[in-house]
Amino acid sequence: IPIVPQPIDRLVEKTVTVCLAWATVLEQYAQLIPTIRAHATLSQLLFRESAQHAGDDSTALLSWLTRSGQWSTLEQVWQVLAVQVQRQGSAATATEQQILAASVELYNQSVSRGAASLSQPSVGQRYDYEQHTRVNHSGESVAAVLLAGLSNAQGKLVHCALVQTH
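Residues numbered from 1 in each chain as written. Predicted model: local features only at pLDDT ≥ 70, side-chain atom pairs only at ≥ 80, totals over all residues. Heavy atoms only, no water.

**Some thoughts on the pattern of salt bridges**
Taken as a whole and assessed by the stated rule, the structure comprises one salt bridge. With a shortest N-O distance of 2.6 Å, Arg 37 and Asp 57 are connected by a salt bridge. With a gap of 20 residues between them, Arg 37 in helix α2 (residues 33-38) and Asp 57 in helix α4 (residues 57-67) connect regions that are remote in the sequence. You can call Arg 37 partly exposed: its relative accessible area is 22%. (Salt bridge = Lys/Arg side-chain N within 4 Å of Asp/Glu carboxyl O. Helix = DSSP H or I, 4+ residues; strand = E, 2+ residues; numbered from the N terminus. Buried < 20%, exposed > 50% of the residue type's maximum accessible area, 1.4 Å probe, protein only.)

**Re the packing of helix α3 (residues 40-47) against α4**
The interhelical angle for the contact between α3 and α4, taken along N-to-C directions, is 75°, at an axis separation of 8 Å. Relative to α4, α3 is oriented roughly perpendicular. Contacts between α3 and α4 pair Leu 45, Leu 46 and Phe 47 from the former with Ala 60, Ser 63, Trp 64 and Arg 67 from the latter. Across the contact of α3 with α4, the residue classes tally to five nonpolar, one polar and one charged. (Axes fitted to C-alpha atoms, helices over the stretch in contact; angles between N-to-C directions. Parallel < 35°, antiparallel > 145°, perpendicular 65-115°, else oblique. Contact = heavy atoms within 4.5 Å. Nonpolar A, V, L, I, M, F, W, Y, C, P; charged D, E, K, R; others polar.)

**Observations concerning helix α6 (residues 94-108)**
Given 3.6 residues to a turn, an α-helix orients residues that are three or four positions apart in the same direction. Helix length check: α6, at 15 residues, gives a terminal C-alpha distance of 21 Å against a target of 21 Å (1.5 Å per residue), a fit within 8%. Glu 96, Ile 99, Leu 100, Ala 102, Ser 103, Val 104, Leu 106, Tyr 107 and Asn 108 are the residues of α6 that are buried. (Expected span 1.5 Å × (residues − 1).)

**Let's talk about α4**
Of all the residues in α4, the buried ones are Ala 60, Leu 61, Ser 63, Trp 64 and Arg 67. Considered in projection along α4, the buried side chains sweep an arc of 160° and stay on one side of the axis. Seen from the open side of α4, the exposed residues pointing more than 90 degrees away from its buried face are Leu 62 and Thr 66. (Arc of directions from axis to C-beta.)

None of this, on its own, says anything about what the molecule does.
As structure tokens, this is what we get:
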């Protein structure tokens, strides 16, 4: 087939944005950085920074990613939120729950077998001291889940869900 040059009437300029697949995945974690920064203890734990010496978001994200491969970091995230929940007597916020879930996901990227998980009891189910820790003093059924429990990569429940009962 012969190529016949044809004149171009006008040039069309287009802007094309290419987003690498890994950047799209990391964006979900990057969106949580401001909330983590607002929580002094989580910021120190995950970013190794204080409120006075905050780094840029990419440095914070890299720090979170590298520290999340350690089980001890995941446990500490759960414990920080548990202490807060017990002090306040109210559930972890939706964003705090997202931070915990994201930390579990990041940890699971580093394990070769099994996966850590969050244990979310159902409201109305019977209180079980082996699966739940009651924040109030009485009741036989779960009225509210304040913080999901945490199981390790072998499936063992390491931290019971914090619940209110009635």
